[in-house]
Amino acid sequence: SEYQGLHVGGEGRVHRVMESTLTARDRVGVQDFVLLENYTSEAAFIENLRRRFGEKLIYTYIGSVLVSVNPYKDLEIYSKAHMERYRGVSFYEISPHIYAVSDNTYRAMRTERRDQCILISGESGAGKTEASKKILQYYATTCPVTDHMSTIRDRLLQSNPVLEAFGNAKTLRNDNSSRFGKYMDVQFDFRGAPIGGHILNYLLEKSRVVHQNHGERNFHIFYQLLEGGEQDQLSKLGLERNAQKYHYLVKGCCPRVSSINDKSDWKTVRKALTVIGFHEEEVEDLLNIIASVLHLGNTQFGEGEDGETQITTESHLTYLSKLLGVDGPALREALTHKKLTAKGEEVSPLSFEQAVAARDALAKAVYGRAFTWLVAKINQSLAFKGSSSVIGLLDIYGFEVFQHNSFEQFCINYCNEKLQQLFIKLTLKSEQEEYEAEGITWEPVKYFDNKIICDLVEEKHKGFISILDEECLRPGEPSDISFLEKLEDTLGGHAHFVTHKLANGKTRKAVGREEFRLIHYAGEVNYTVNGELANQSVICQSDNQILSQCFHREEVTTQKRPETAATQFKNSLAKLIEILMSKEPSYVRCIKPNDAKQSGRFDEALVRHQVKYLGLMENLRVRRAGFAYRRRYEAFLQRYKSLCPGTWPNWQGRLADGVATLVQHLGYKAEEYKLGKTKIFIRFPKTLFTTEDALEARRPALALTLQTSWRGYRERAKYHRIRNAVIQSAWRGMKSRRKARRRRHAAEIIRKFIKGFIYRHYERCPENEYFLDHQRFSFLMTLVRNPPKSVLDKSWPVPPPSLTEASEHLCRLCMQNMMRAYCRRIQPEWKKQMEQKVVASQIFQDQKDSYPQSVPKLFVASRLGREFNLKVIQTLGNDKVKYGVAVTKYDRRGYKARPRQLLLTSSFAVLVAEAKLKQRIDYTALRSISVSSLTDGFMVLHVPSEDNKQKSDVVLQCDHVIEVVTKLATMADKKNKVNISQDSIKFAVARGKEAVIDFTSGPELKVAKGKKGHLLVTAPQLNPR
Ligand SMILES: Nc1ncnc2c1ncn2[C@@H]1O[C@H](COP(=O)(O)OP(=O)(O)O)[C@@H](O)[C@H]1O
Ligand SMILES: [Mg+2]
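The rules behind these values
- Residues numbered from 1 in each chain as written.
- Chains lettered and ligands numbered in written order.
- Predicted model: local features only at pLDDT ≥ 70, side-chain atom pairs only at ≥ 80, totals over all residues.
- Heavy atoms only, no water.
- Helix = DSSP H or I, 4+ residues; strand = E, 2+ residues; numbered from the N terminus.
- Near = heavy atom within 4 Å.
- Polar contact = N/O pair within 3.5 Å; in protein donor to acceptor, adjacent residues only side chain to side chain.
- Areas by Shrake-Rupley, 256 points an atom, 1.4 Å probe, with all protein chains shown as cover.
- Patch = residues over 30% accessible without salt bridge, like charges linked within 9 Å, V, L, I, M, F, W, Y side chains within 5 Å.
- Salt bridge = Lys/Arg side-chain N within 4 Å of Asp/Glu carboxyl O.
- Pairing = 2+ DSSP bridges.
- Axes fitted to C-alpha atoms, helices over the stretch in contact; angles between N-to-C directions.
- Buried < 20%, exposed > 50% of the residue type's maximum accessible area, 1.4 Å probe, protein only.
- Contact = heavy atoms within 4.5 Å.
- Donors = N, O, S within 2.8 Å, 3.2 Å for Na, K, Ca; no water.

J.: Please clarify how unusual backbone geometry should be interpreted in this entry.
T.: The residue tyrosine 72 is not glycine, and still its phi comes out positive at about 55 degrees. Mapped onto the elements of the fold, tyrosine 72 is located in the loop between β4 (65-69) and α2 (80-86). Backbone geometry places tyrosine 895, a non-glycine residue, at a positive phi of 55 degrees. Positionally, tyrosine 895 belongs in the loop between β22 (883-890) and β23 (897-904).

Written as structure tokens, this is what we have:
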């Protein structure tokens, strides 16, 4: 199937273009932003995105960066066939796709043996997780696997539903929002088969365990368990199959979501846990924790008689102690009292609010640690020790800005700040490296370096995190307000840091008294300062294997206080950056087109915001700083070689010289391009577009040249050209439409033809009309192309029935024509010859044996040379001798043979012997001529014997009897008087007396006297009659 669409040229011109079945997508706009003429214009950028999105083209490149817009519906572009299509295909040859990035990365890993990573970023709901899953699926499907590896492959794939069950939740933006950052290494062996993996998780949004905003849910796993768990399993956990019953599950008031099927998801998760290799007991422990969180949520507090806080929900406490494997009284005390570590084992009671907070903190901690354990467990099952190449996938949430932004948002945004820095650094670095490798001078690029913001956050001693640590770790209660003051003291005056107090005028109004504002590279964000307390000690005594592995006793007993969450995060982030730096990065930048999760809606303001937050314009600027376009010489030459006589059809020399010749011919100006070692660099898209236009113009002519003999080749070439196409062009649209039309037309004709064939023997009717016409046409065309070559060529095509008569006429006409033409061409000499031959044939054909042999021998003017006797000539007077030949004369009596010459003139013949005229035969007196039917040379000239002047009949023998008789008969006008006798010739000897010559066939010529005075002639018979 072919699609038709629009293409925006460099100047915003719109062309119609066609794509082949292979790309199966028409496209709108440029498929690579570097080809935007106005690359600094955000409006042009967004317009390009919008147009493509409108045509369901969700992917666009910025150089090697893939920009993806969430379509919010299944586009059917992720089939196995699609995967195959992108396998081993050069990045730019085919329309942008997540598979192109996957494949390119994979091949870079295999061929260059360098570890790779794909960084996927974007807002919540922009399609990051989907993208990472698509990449993983691509590898799972296209990489080679053995039986053992298929287990690993399955585990890699199955880790997703498990992690999503525990780490994803329905939010306002995304029904399946990942609430943790994830970095996953996929390890490949030397054959390129997946052999292992490792997952790093970041920043699980633990607050969701105890609270959800309106319209949001807790983590999927809770609802899945309640919906899908078996009844006796639930009973064992003390749970009811009703999410409404659990406080932690209904904060957002939407335990049910139409797009989610918790029951079937539960089945998937259970199966996945088995595939990954979880034991039954481990699953049980995991479910105990899930259940305990729900029981914690339902644990209520009241006021005792002495005003002390006490637990009012005993049943939950019982289940809790059972599920967590913790002693009941200890648990009760932990929830209502606080351990003062500074003073040994002493405890102090908690207020109601404190107890509630402690409960929630415990729930969060339990869940959070269980999640970490889960990841570790998955890692165990994916672990591979040994040498391998790695592709890392980073799926981490992008910039987040809410009304109130807590510490979690701070971490997320800080992380994005770091990733942006990495991105700029690596992009610039790779640009620079490429220029260097190609021997092209590097021109410095202006860009915003966000290092200043990163430093603001992470610098030792004076950075935000250092100050936070200091505040948390100093003796006494950490207070939010004192922390804010400390920040103001240290960071005040920094261009990217503002508080209510530091700000002035308008800004002051926008920043609350308990907030500070960071001016991130992507925008301004206000953060609220709030601390966090958790009483974690009780869990350390847990019997639950998972919990006891998660909570280490030392953590609470040692005097050294643990690192703050911020420092932990900073360290893990530093480690991540280190991991990423050691790899070659690719980028997928996800954009969400609207907030309503609707397909087909493109909210420009929202997209503009993301384009800004993702730093895409910055990215484009860096990428376009030097040269917009670069291609390897062979690719460039292959595509445009037809534009220059010097390079068409093939360039034999060095590629670089070929490209130089080509661009010189095209009139590229020096500032427009540079030639590197293996690539041509073109500065402005316009140059490329002009070249592309020239190619368009050239194409029809090319096509025509190639059409006849190179059709097959051309189709392939065309297919390649289409794949190669960066810019599509108008004529192609036309051409493909024409082709489609032709194809339709062809099908129609074939149908007619078949029908006509079936009805061919019927009278002419609409069914066979076409066929009959075609038959007639092709008969006539065959004649035209292949007429008979000569008069002797008797071939003639078989006419269709309706043309039988016409065919006969034509054949006759054709022959006549050829004859006429032949005659007109003929020379007088030849004509004479032919006339004589015709006479010969009239007389002898099929009558005399020696005739056929005589046909190819030309008749000559005379058989005698200069041996004519002059005297004889004089004697003959005016009658010029026309022909002379040596003959043997046989006497009528006794048959004595005498050599003579026979001379023919226009009115008589004479026999001459040694210059003496022996006998004259006037043609008027010549009655007839007799010859035999055999191969002998005898002839008898019958002359009336009454005439005195004439002697009687003459018996002659001659080697050229056919020639002589023909000439004589012609000159004497006696053509009808030639007798051809089968076996004997009677002739007159004298008045009234006759003699006979008998002819018989024998092996050789013999002349002898026979009985009764006959002459007996034996002659070989050549043609049996
Ligand atoms: N390529 C895609 N094709 C179709 N739907 C998609 C695609 N990417 C994302 N979606 C839809 O958007 C939702 C959110 O995507 P997700 O990857 O979970 O976002 P993120 O991880 O960025 O928060 C998905 O559940 C899915 O319905
Ligand atoms: Mg996600």
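J.: Looking at this structure, how should I read the site of ligand 1?
T.: Taken together, 17 residues are adjacent to ligand 1, and Asn70, Gly125, Lys128, Thr129 and Glu130 come closest. Taking alanine 126, its main chain carries an N or O atom lying 3.2 Å from an oxygen atom of ligand 1. Between ligand 1 and the protein, one listed contact pairs an oxygen atom with a backbone N or O atom of asparagine 176 at 3.4 Å. Calculation on ligand 1 without its partners gives an accessible area of 550 Å², and the protein chains cover 84% of this total.

J.: I keep staring at a nonpolar patch on the surface and nothing clicks. Help me out?
T.: Residues Ile750, Phe753, Ile754, Phe757, Ile758, Tyr759 and Tyr762 make up a contiguous nonpolar surface patch of roughly 700 Å² in combined accessible area. The topology assignment puts tyrosine 762 in the loop between α28 (730-758) and α29 (766-785).

J.: How do you make sense of the sheet that holds strand β30 (residues 984-990) when you look at a structure like this?
T.: The pairing of strands in a sheet happens through backbone hydrogen bonds and is either parallel or antiparallel. One open sheet accounts for 4 strands, arranged β30-β31-β33-β32; its pairing is mixed. The open sheet has two free edges, formed respectively by β30 and β32 (1006-1009), since each of these has just one partner strand. For this sheet, the mean angle separating the axes of adjacent strands, direction not counted, is 20 degrees.

J.: Sorry if this is basic, but what is going on with the environment of threonine 336 here?
T.: Its location among the elements puts threonine 336 in helix α12 (residues 328-336). Take threonine 336: its relative accessible area is 4%, and that puts it in the buried class. A sequence separation of 13 residues divides threonine 336 from proline 349, and the C-alpha atoms of the two residues are 6.1 Å apart. Those residues in contact with threonine 336, other than ones at most four positions away along the chain, are Phe301, Thr309, Gln310, Ile311, Pro349 and Leu350.

J.: Any chance you could explain the coordination of the magnesium ion (ligand 2) here in plain terms?
T.: Four donors placed tetrahedrally around a metal ideally meet at 109.5 degrees, and six donors placed octahedrally ideally meet at 90 or 180 degrees. The coordination sphere of the magnesium ion (ligand 2) contains the protein donors Thr129 (OG1) and Ser178 (OG), at a distance range of 2.0 to 2.1 Å. Taken together, the residues threonine 129 in helix α4 (residues 128-142) and serine 178 in strand β7 (residues 177-178) connect sequence positions 49 residues apart. An identical accessibility class is assigned to threonine 129 and serine 178; each is buried.

J.: Looking at this structure, I do not really get the environment of threonine 687. What am I missing?
T.: Relative to the helices and strands, threonine 687 resides in helix α26 (residues 685-707). The class of threonine 687 is buried, set by a relative accessible area of 5%. Spatially, the C-alpha atom of threonine 687 lies 9.4 Å from that of lysine 669, the residues being 18 residues apart in sequence. When neighbours within four sequence positions are excluded, threonine 687 is seen to be in contact with Tyr668, Glu672 and Ile682. Side chain to side chain, threonine 687 and glutamate 672 meet in a polar contact 3.5 Å long.

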